[in-house]
Amino acid sequence: MYSVSAQTNDIEIVQVPLDVNNDFQLQPDKINETLSADPSIKLVYICSPGNPTANLIKKSDIQKVLEHPTWNGVVVVDEAYIDFAPEGSSLAEWVNDWPNLAVMQTLSKAFGLAGIRLGVCFTSPPIATLLNSLKAPYNISSPTSALATAALSPTHQAVMQKYRDLIVAQRDRLVQELPQIPGIGRFRGGKESNFLLVEILDKPASQGGKPSNVIAQAAYEAMAEKRGVVVRFRGKELGCEGCLRITVGTEEEVTRFLREIRTVLGGLHKGESINSVREQVSQN
């Protein structure tokens, strides 16, 4: 969505890829080189935990960008999924020490309140003043304000933590049980969000299977169209060949997912219903 918003406002995007060989971690030296080479860059966006990588970015790497000796811009850290990460992972408190840092969070994920479309930005007073000057008047409705206030009360914070703990437990279960299914490869990225990124192989690992976009997309389509289980095909992202992004659900949903993905991969590895998908992937 950063790219979409930038294109809408006729703003150029400069990309510095994550390190695909190191759990999709930041490459701060390359970012700083890019910033030094182009002083017109004014914003650096970093997603932590990342999507679809589910990994936390190292605080020390973000600090290296904040400490750039000559660049004069704002580092924006998107922490939409931070509630699923270990305690103390957020950089929100850092805004007291770094005047060029903005940390964004939302009630859309762990709180389950995507419908009220409300987030928050922690930042320094000068940046906050600028944002307040830019925003439309009365842009938060009374119902949204009332629901957000209720959600952030101690009682409802405890409710969120209860369900967050259930999701984390099922995430740990997926980490343990998913690799036991023939045709499942490595987890890519991290395990600090409410989803996981995993490789889908062209045949079981015991037979030398390799990540396959054809099998991954066929599995995605079979799960969604025939079994009512929706995952996300992410094989076209950098470093994500053959990958599906799997959202962690309830215990019943995870049980069903594990059963269905085992059945689907078993059929695909026997050559069932993949010819049309293979043709589509090759064309793309």
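Quick caveat, the model's predicted, so the values are computed rather than measured. (Residues numbered from 1 in each chain as written. Predicted model: local features only at pLDDT ≥ 70, side-chain atom pairs only at ≥ 80, totals over all residues. Heavy atoms only, no water.)

What about the overall build of the protein chain?
Right, so step 1: Along the protein chain, the regular secondary structure elements total nine helices and eight strands.
Right, so step 2: Computed over C-alpha atoms, the radius of gyration of the protein chain comes to 21 Å, within 12% of the 19 Å expected from 2.2 N^0.38 for 284 residues, which places it in the range of a compact globule.
Right, so step 3: Along the three orthogonal principal directions, the C-alpha set of the protein chain runs to about 60 × 50 × 35 Å.
Right, so step 4: Summed over its atoms, the accessible surface of the protein chain is roughly 15900 Å², and 51% of this surface lies on carbon and sulfur atoms.
Right, so step 5: Each charge class in the protein chain can be summarised by its mean position, and for the 28 positive and 31 negative side chains these summaries are 6 Å apart. (Helix = DSSP H or I, 4+ residues; strand = E, 2+ residues; numbered from the N terminus. Rg over C-alpha atoms; globule rule 2.2 N^0.38 Å. Areas by Shrake-Rupley, 256 points an atom, 1.4 Å probe, with all protein chains shown as cover. Lys, Arg positive; Asp, Glu negative; His and termini not counted. Charge placed at Lys NZ, Arg CZ, Asp CG, Glu CD.)

A closer look at helix 8 (residues 251–268)
Right, so step 1: With 18 residues, helix 8 should cover 26 Å at 1.5 Å per step; its first-to-last C-alpha distance of 26 Å lies within 8% of that length.
Right, so step 2: Residues of helix 8 that are buried: Val254, Phe257, Leu258, Glu260, Ile261, Val264, Leu265, Gly267 and Leu268. (Expected span 1.5 Å × (residues − 1). Buried < 20%, exposed > 50% of the residue type's maximum accessible area, 1.4 Å probe, protein only.)

Considerations on the nonpolar core
The nonpolar side chains of soluble globular proteins are, as a tendency, buried together.
Right, so step 1: Counting residues in hydrophobic clusters, the biggest one holds 28 residues, and the most contacted among them are Leu178, Ile184, Leu244, Phe257, Ile261 and Leu265.
Right, so step 2: Those elements that provide at least two residues to this core are helix 6 (154–177), strand 5 (184–188), strand 6 (195–200), helix 7 (213–227), strand 8 (243–247) and helix 8.
Right, so step 3: By residue number, the principal contributor to this core is helix 8, which donates seven residues. (Core = buried A, V, L, I, M, F, W, Y, C linked by side-chain atoms within 4.5 Å.)

Quick look at the domain arrangement of the protein chain
Right, so step 1: Domain annotation for the protein chain reports domain 1 (1–142) and domain 2 (157–282).
Right, so step 2: When each unit is reduced to the centre of its C-alpha atoms, the spacing between domain 1 and domain 2 is 28 Å.
Right, so step 3: At the junction of the two partners, domain 1 supplies 19 residues and domain 2 supplies 20 residues.
Right, so step 4: Buried area between domain 1 and domain 2, both sides added, is near 1700 Å², and the carbon and sulfur share of it is 64%.
Right, so step 5: The largest contributions to the domain 1 side of the interface with domain 2 come from Pro52, Ala54 and Phe84, which together make up 39% of the buried area.
Right, so step 6: The interface formed by domain 1 and domain 2 contains zero salt bridges.
Right, so step 7: Across the domain 1-domain 2 interface, the total number found is ten residue pairs in polar contact (both at pLDDT 80 or more).
Right, so step 8: Looking at the side of domain 1 that touches domain 2 residue by residue, the classes come out as 13 nonpolar, four polar and two charged. (Domains from an automatic or database assignment. Contact = heavy atoms within 4.5 Å. Buried area = accessible area lost by both parts, 1.4 Å probe. Salt bridge = Lys/Arg side-chain N within 4 Å of Asp/Glu carboxyl O. Polar contact = N/O pair within 3.5 Å; in protein donor to acceptor, adjacent residues only side chain to side chain. Nonpolar A, V, L, I, M, F, W, Y, C, P; charged D, E, K, R; others polar.)

Topic: helix 6
Right, so step 1: Taking 1.5 Å of rise per residue, the 24 residues of helix 6 would be expected to cover 34 Å, and the 35 Å separating its terminal C-alpha atoms lies within 8% of that figure.
Right, so step 2: Regarding helix 6, the residues found buried are Met160, Arg164, Val168, Gln170, Arg171, Arg173, Leu174 and Val175.
Right, so step 3: Where the residues of helix 6 are buried, they touch strand 5, strand 6 and helix 8.

Details of the confidence of the model for the protein chain
Right, so step 1: Scored by pLDDT, the protein chain has a mean of 94; 95% of the residues are at 70 or more.
Right, so step 2: Throughout residues 277–282 the model reports pLDDT below 50, and contacts reaching past four residues in sequence, or to other chains, amount to ten contacts. (pLDDT = per-residue confidence, 0-100.)

Thoughts on unusual backbone geometry
Right, so step 1: With an omega of 0°, the peptide bond running from serine 48 to proline 49 counts as cis.
Right, so step 2: Tracing the backbone shows proline 49 in the loop between strand 1 (43–47) and helix 3 (59–66).
Right, so step 3: A cis geometry characterises the amide bond from asparagine 51 onward to proline 52, with omega recorded as 15°.
Right, so step 4: Along the chain, proline 52 falls in the loop between strand 1 and helix 3.
Right, so step 5: The phi angle at aspartate 10 is positive, at roughly 55°, despite the residue not being glycine.
Right, so step 6: Turning to its location among the elements, aspartate 10 is positioned in the loop between helix 1 (2–8) and helix 2 (28–37).
Right, so step 7: On the accessibility criterion, aspartate 10 (72% relative accessible area) is exposed.

Observations concerning the sheet that holds strand 2 (residues 74–78)
Strands pair in a sheet through their backbones, by hydrogen bonds, and they do so in one of two ways: parallel or antiparallel.
Right, so step 1: Spatially, four strands are ordered 1-2-3-4 in an open sheet, and the strand pairing comes out mixed. The strands lining the two open edges of the sheet, one partner per strand, are strand 1 and strand 4 (119–123). On average, each strand axis in the sheet is inclined to that of its neighbour by 20°, with strand direction left out of account.
Right, so step 2: Relative to strand 4, strand 3 (residues 101–106) runs antiparallel, the two sharing five bridges. Bridge pairing in strand 4 links methionine 104 to cysteine 121.
Right, so step 3: Contacts between helix 4 (residues 125–134) and the sheet are confined to strand 2, strand 3 and strand 4, with strand 4 contributing the most and set at about 140° to the helix. (Pairing = 2+ DSSP bridges. Axes fitted to C-alpha atoms, helices over the stretch in contact; angles between N-to-C directions.)

Section: the sheet that holds strand 8
Right, so step 1: Strands sit in the order 5-6-8-7 across an open sheet of four strands; the sheet is antiparallel. Both edges of this open sheet fall to strand 5 and strand 7 (232–233), since each of them pairs with a single strand only.
Right, so step 2: Where strand 7 and strand 8 come together, two bridges link them in antiparallel fashion. If you follow phenylalanine 233 over to strand 8, its bridge partner there is leucine 244.

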